[in-house]
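Chain by chain, the residues run as shown.
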Amino acid sequence: MTINLLPMATPDLLWQVTRNDAAKSAEARAAILADPGFGKHFTDHMVDICWSEKGGWHRPRVQPYGPISLDPAAAVLHYAQEVFEGLKAYRHADGSIWTFRPEANAARMQRSAKRLALPELPVEYFLESLKQLIAVDGDWVPTAPETSLYLRPFMFAKEAFLGVRPAAKVNYYLIASPAGAYFTGGVTPVAIWLSTQYARAGKGGTGAAKTGGNYASSLVAQAEAYDHGCAQVLFLDGSGTYLEELGGMNVVLVTKDGRLITPESDSILEGITLDSVLQLGRDRGLKVEQRPVPLQEWVDGVASGEIVEAFACGTAAVLTPISELKGEHVSIVMPEPSGERVSMSLRQELTDIQYGRVPDRHNWLMRLDA
Ligand code: PLP
Ligand code: COI
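Residues numbered from 1 in each chain as written. Chains lettered and ligands numbered in written order. Predicted model: local features only at pLDDT ≥ 70, side-chain atom pairs only at ≥ 80, totals over all residues. Heavy atoms only, no water.

- As recorded by an unreviewed UniProt entry, the protein chain carries the name branched-chain-amino-acid transaminase and is attributed to Pseudolysinimonas yzui.
- Under the UniProt heading Cofactor (unreviewed entry), the note attached to the protein chain is "pyridoxal 5'-phosphate".
- Quoted verbatim from the Sequence similarities (unreviewed entry) field of UniProt, the annotation for the protein chain is "Belongs to the class-IV pyridoxal-phosphate-dependent aminotransferase family." (UniProt positions renumbered as here; feature names shortened; annotations may be inferred.)

## Comments concerning the UniProt feature "modified residue: N6-(pyridoxal phosphate)lysine" (unreviewed entry) in the protein chain
- Cross-referencing UniProt, the feature "modified residue: N6-(pyridoxal phosphate)lysine" (unreviewed entry) maps to Lys-210 in the present numbering.
- Along the polypeptide, Lys-210 turns up in the loop between β10 (190–195) and α5 (212–216).
- For Lys-210, the contacting residues outside a window of four places in its chain are Glu-82, Val-83, Phe-84, Glu-85, Gly-86, Arg-108, Ser-112, Tyr-215 and Leu-269. (Helix = DSSP H or I, 4+ residues; strand = E, 2+ residues; numbered from the N terminus. Contact = heavy atoms within 4.5 Å.)

## A short note on the site of ligand 2
- Around ligand 2 sit Phe-84, Gly-86, Tyr-150, Arg-152, Tyr-182, Lys-210, Gly-248, Thr-315 and Ala-316, and that is every residue in its neighbourhood.
- In the environment of ligand 2, an oxygen atom lies 2.8 Å from a nitrogen or oxygen atom belonging to the backbone of Ala-316.
- Protein contacts shield 89% of the accessible area of ligand 2, which totals 280 Å² for the unbound molecule.
- Taken together, the residues that form the shell around ligand 2 break down as four nonpolar, three polar and two charged. (Near = heavy atom within 4 Å. Polar contact = N/O pair within 3.5 Å; in protein donor to acceptor, adjacent residues only side chain to side chain. Areas by Shrake-Rupley, 256 points an atom, 1.4 Å probe, with all protein chains shown as cover. Nonpolar A, V, L, I, M, F, W, Y, C, P; charged D, E, K, R; others polar.)

## A word on the site of ligand 1
- Close to ligand 1 lie 17 residues, the nearest being Lys-210, Tyr-215, Glu-245, Thr-273 and Thr-315.
- In the model, an oxygen atom of ligand 1 is placed 2.8 Å from a nitrogen or oxygen of the Ile-272 main chain.
- The contact in question runs from an oxygen atom of ligand 1 to an N or O atom on the side chain of Thr-315, over 2.6 Å.
- Considered on its own, ligand 1 offers 380 Å² of accessible surface; in the complex 96% of this is hidden by protein.
- Mapped by element, the contributors of at least two residues to the shell around ligand 1 are β12 (243–246), α7 (272–283) and β16 (307–314).
- Partitioning the shell around ligand 1 into residue classes produces six nonpolar, seven polar and four charged.

## Some words on the pairing of strand β15 (residues 287–291)
- Relative to β15, strand β14 (residues 259–263) is paired through five bridges, and the arrangement is parallel. Considered in β15, the bridge of Pro-263 is made with Arg-291.
- Traced from β14 through α7 to β15, the parallel crossover comes out right-handed. (Pairing = 2+ DSSP bridges. Right-handed = clockwise from strand over helix to strand, strands pointing away.)

## Quick word on the pairing of strand β3 (residues 45–52)
- Of all eight residues that make up β3, eight are buried, and the element is covered over most of its length.
- Burial along β3 is two-sided: the face carrying His-45, Val-47, Ile-49 and Trp-51 and the face carrying Met-46, Asp-48, Cys-50 and Ser-52 are both buried.
- The pairing of β3 with strand β4 (residues 56–64) spans seven bridges and is antiparallel. By the bridge assignment for β4, His-45 is matched with Pro-64.
- Following β3, the chain reverses through three residues before pairing antiparallel with β4.
- Of the pairings in the sheet, the one linking β3 to strand β9 (residues 169–179) comprises six bridges and is antiparallel in character. In the strand pairing of β9, Ser-52 is matched with Lys-169. (Buried < 20%, exposed > 50% of the residue type's maximum accessible area, 1.4 Å probe, protein only.)

Below, the structure is given as structure tokens:
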């Protein structure tokens, strides 16, 4: 079924919706939702909005999920002019579907786009794209505890042109993928590899942008992590002194006297999970220190008993305790917790808000199916 509407030229979005005639059956979908894994399965539809230098944002569509046709000279394939986002849709007990702080993702995508010389997608288009996709693929939001539908907005240079300059043709897409735990093994503490040979970002680089190149450059270090039995890699700043972040998550240390310490740097991604967790920490009287954090402080803090926990946080991983940090010249083994981990209790509170089990006192949720 195709509903044709006028193309948009203004923020009053008029969408063209083309239903997927080959959508998965309810049984096939249920089988996927029973064990979604992470990033392996995709829903029946996707969003596509075009941008051109002359026409601005236009022709917003919902269409069947499927391959994108690209000219071999498309700029993204050569110069990696691309940005993306990641957020989740959560099913509440009454069946309604919500997402978490989507305006923050929209704003971050604008910042990333600006850094990559891509056009900024207006916030209202971003939010509308989430609602449009859920309108057709809402049945893909799983119901089992702690599962969700991972939403992946992305944008890239589609113009066929080999000169190095910002592309005059760009497309924004949104796809969705049902998600369980990011780490195999669920929410058990993970070992982290400290990369000393590779840096993720440099001064004045693209570290604060959510752009594919940052992840491409993390892959050899990530492979090194796997070789050492670690789930993720921790990067230091260019000087090798200060903590930055993991390949796909922010990092937080917890002290005995109730402080949450996390790196401040202009070359790390400003995590929305991190920001939310720090707020929940402040709400319960924990002190937040966002500042440059030397690796040595972590080493010394664990040795003296001052630092009692470390955790990783991000949309995909939520909050996951770190059991140890391994590196060529460093080994930090986190102590066994004496009571409930602060990280697990913050994780519980955050997910209780996301799944509508407790009041949303910070107004973080946006309903997607109404
Ligand atoms: N840092 C990196 C490099 C990431 O890829 C992510 C995940 O998106 C984060 C941090 C955490 O960000 P958020 O909590 O907004 O998902
Ligand atoms: C996210 O958490 O949304 C990310 O983009 C991280 C990625 C490693 C899946």
